[in-house]
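Survey of secondary and tertiary structure
Each chain, letter by letter, is given below.
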Amino acid sequence: MSQDHQNNERRQQDRGACFLFGGQSLPAFSLVIFGGSGDLTARKLVPALYNLFRHHCLPGRFNIVGCGRSVMTHAEFRRSLAEFDRETRGATAEADESWEHFAASIFYQELSYDDPQAYQRLAELLNQLDRERHTAPNRIFYLAVPPALYPVIATQLGPAGLAAQTATNWARIVVEKPFGHDLPSATALDKTLHAGFREEQIFRIDHYLAKETVQNILMLRFANAIFEPIWNRGFIDYVGIISAEKLGVEHRAGFYEQAGVLRDMFQNHMLQLLALTAMEPPSRFEAAQVQDEKVKVFRALKPLNQANLGENLVLGQYGPGTVDGREVPGYRRETGVATDSLTPTFAAMKVGIDNWRWRGVPFYLVSGKRMPAKETRIIIQFKEVPHSMFRRELADSILANRLILGIYPEEKISLNFQAKSPGTKEYLHPATMSFNYERRQGSPGQHYDAYEMVLLDCIIGDHMLFWRQDGVELSWSFLTPILQECESCPETVRKLLQTYPAGTPGPEAAHPWMKLLGK
Ligand code: BG6
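Keep in mind that this is a model prediction, so the values were computed, not measured.

What counts and what doesn't
Residues numbered from 1 in each chain as written. Predicted model: local features only at pLDDT ≥ 70, side-chain atom pairs only at ≥ 80, totals over all residues. Heavy atoms only, no water. Axes fitted to C-alpha atoms, helices over the stretch in contact; angles between N-to-C directions. Helix = DSSP H or I, 4+ residues; strand = E, 2+ residues; numbered from the N terminus. Parallel < 35°, antiparallel > 145°, perpendicular 65-115°, else oblique. Contact = heavy atoms within 4.5 Å. Nonpolar A, V, L, I, M, F, W, Y, C, P; charged D, E, K, R; others polar. Salt bridge = Lys/Arg side-chain N within 4 Å of Asp/Glu carboxyl O. Buried < 20%, exposed > 50% of the residue type's maximum accessible area, 1.4 Å probe, protein only. Near = heavy atom within 4 Å. Polar contact = N/O pair within 3.5 Å; in protein donor to acceptor, adjacent residues only side chain to side chain. Areas by Shrake-Rupley, 256 points an atom, 1.4 Å probe, with all protein chains shown as cover. Pairing = 2+ DSSP bridges.

Remark: helix α6 (residues 150-157) packs on helix α7 (residues 183-196), axes separated minimally by 7 Å, with the N-to-C direction vectors making an angle of 20 degrees. Between α6 and α7, the angle is such that the two are roughly parallel. When α6 is examined against α7, the residues Y150, P151, A154 and T155 are found in contact with a partner set consisting of L189, T192 and L193. The class makeup of the residues in the contact of α6 with α7 is five nonpolar, two polar and no charged.

Structure follows, in structure tokens:
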């Protein structure tokens, strides 16, 4: 090892042990990124790791090993990441110096995904790095590759001895959604992962769970005594969950044509938001107990009536339109999309939860691309007052209370209520009480972005922000019959699928529901 290298190592160790999560120090580890030369690595993973490094949140010793089919040296790999970093962050001498320290822990290994010998060579490299850099044999294997490669890679790691754990050292595998394409493929993928790894070694990422405001749903509900007694069918009229995007399909037509909005957004993010809003309080704030409660919600989802899907489901596909004053093409004109595509880019779904708390309360889930604005929020619409003593003075009925959990763009919680207008007469006017995350003063914690959060949790082995397989299967059980009905019968989908101009709030059939959500 060169002197420079050793100095860099020493500097990293001098940063001191990383203390996070109530004083827990992070273990030394090696993170192997399959798809190392790909987009996700350069755009999300390495920047997240670098940010953690700059904020002293990585342990003194760690290795990042990019793996991919491209032939590259360690230096070339570091250079390609550095160029990306400079382009996105802008160069400063200070950033350059800090990058050099960080990059000293980055390595590259060429690897053909289906070649068993390549995994042996990877095991040798990891062992060598452990010996030379005094890292512990704790391994994270991050699959930043197309889903078709998940089984190919997962089945090679076990035989190369890379999935093995000891009493003190661990091996973990991280997969990103989509977890399968439907229920049978999700179960098959899980079987493959389990061939080498046990459930506690598997981390299934849903980046929505790592958003601060999404995590706050449980805090709001269960750390405050005032919400829980009214969080039920007795007081809540309906719940709305909306995740709207301005962007179109971008460069992802290959994936999106097969997925559509139901697989892309509903199977994962939307159902997670629903579960967090609807679940019962777990007895402890621990991953297994939180997962248990979410799973009960998925189990209680009322199947949509197949014979009349249109009652509870509206599908849409964006046509040409205007977004931010710019003309944009319709979905069928996007590169890589079939000109007669029936893939939905918008869905609005009315879902029921068959349990004591929620019986009869509709949950409206809405997500779409090319809508007027990017916005994610949860709306808790309370019932109107049972009797209005102001009826004589007020022509209109009194607006019911509404609690809005803003996730994007504003990270805030607001409660709408009625207040008296100043003056002698009894005039009411709607008022809002707001709590804004960004403007919060004196916050003791560092704000981590979603990828930083999931990487940290994976390093400490906390499953709170990840999917558990039973949840994955139950969410597919709910959606698979709907997908089958739409996909096996073009007539059904033609009936349900309406075009909406890009830049508008979805197809007309969904407008009454959108109005309920304040759109
Ligand atoms: C991803 C979907 O999971 O979430 C994308 O694949 C979508 O299609 C994205 O654009 C939305 O995430 P966010 O965090 O921007 O709301």
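This part covers the pattern of salt bridges. Summed over all chains, the structure comprises 23 salt bridges. For E228, the salt bridge identified is with R357, shortest N-O distance 2.6 Å. Taken together, the positions of E228 in the loop between α8 (212-222) and β9 (236-244) and R357 in the loop between β13 (346-351) and β14 (363-368) put the pair 129 residues apart, joining distant regions of the chain. Across the pair K246 and D324 runs a salt bridge, and its minimum N-O distance is 2.9 Å. Here K246, found in the loop between β9 and α9 (253-278), pairs with D324, found in the loop between β11 (321-323) and β12 (326-328); they are 78 residues apart in sequence, far enough to count as distant. Residue classification places K246 among the partly exposed residues on the basis of a relative accessible area of 26%.

Our next topic: the site of the ligand. Lining the immediate environment of the ligand, one finds K177, H207, Y208, K211, E245, R252, D264, M265, H269, K369 and K374. A distance of 2.8 Å is found between an oxygen atom of the ligand and a side-chain nitrogen or oxygen belonging to H207. The contact in question runs from an oxygen atom of the ligand to an N or O atom on the side chain of D264, over 2.5 Å. The fraction of the free accessible surface of the ligand (400 Å²) that becomes covered by protein chains is 81%. Among the residues forming the shell around the ligand, the class breakdown is two nonpolar, two polar and seven charged.

Sheet architecture is open: nine strands sit in the order β18-β17-β16-β15-β9-β14-β13-β10-β20, paired in mixed fashion. The two strands at the open ends of the sheet, each matched to only one other strand, are β18 (428-436) and β20 (497-501). Put simply, the sheet's adjacent strands are angled 20 degrees from each other on average, direction ignored. Two strands pair when backbone bridges link them, and β13 and β14 are joined in this way by six bridges, in the antiparallel orientation. Bridging across to β14, V351 finds its partner in F363. Across the sheet, α9 is in contact with β9, β10 (313-319), β13, β14, β15 (375-382) and β16 (402-408); its angle to β14 comes to roughly 145 degrees.

Any link to function would need more than the numbers given here.
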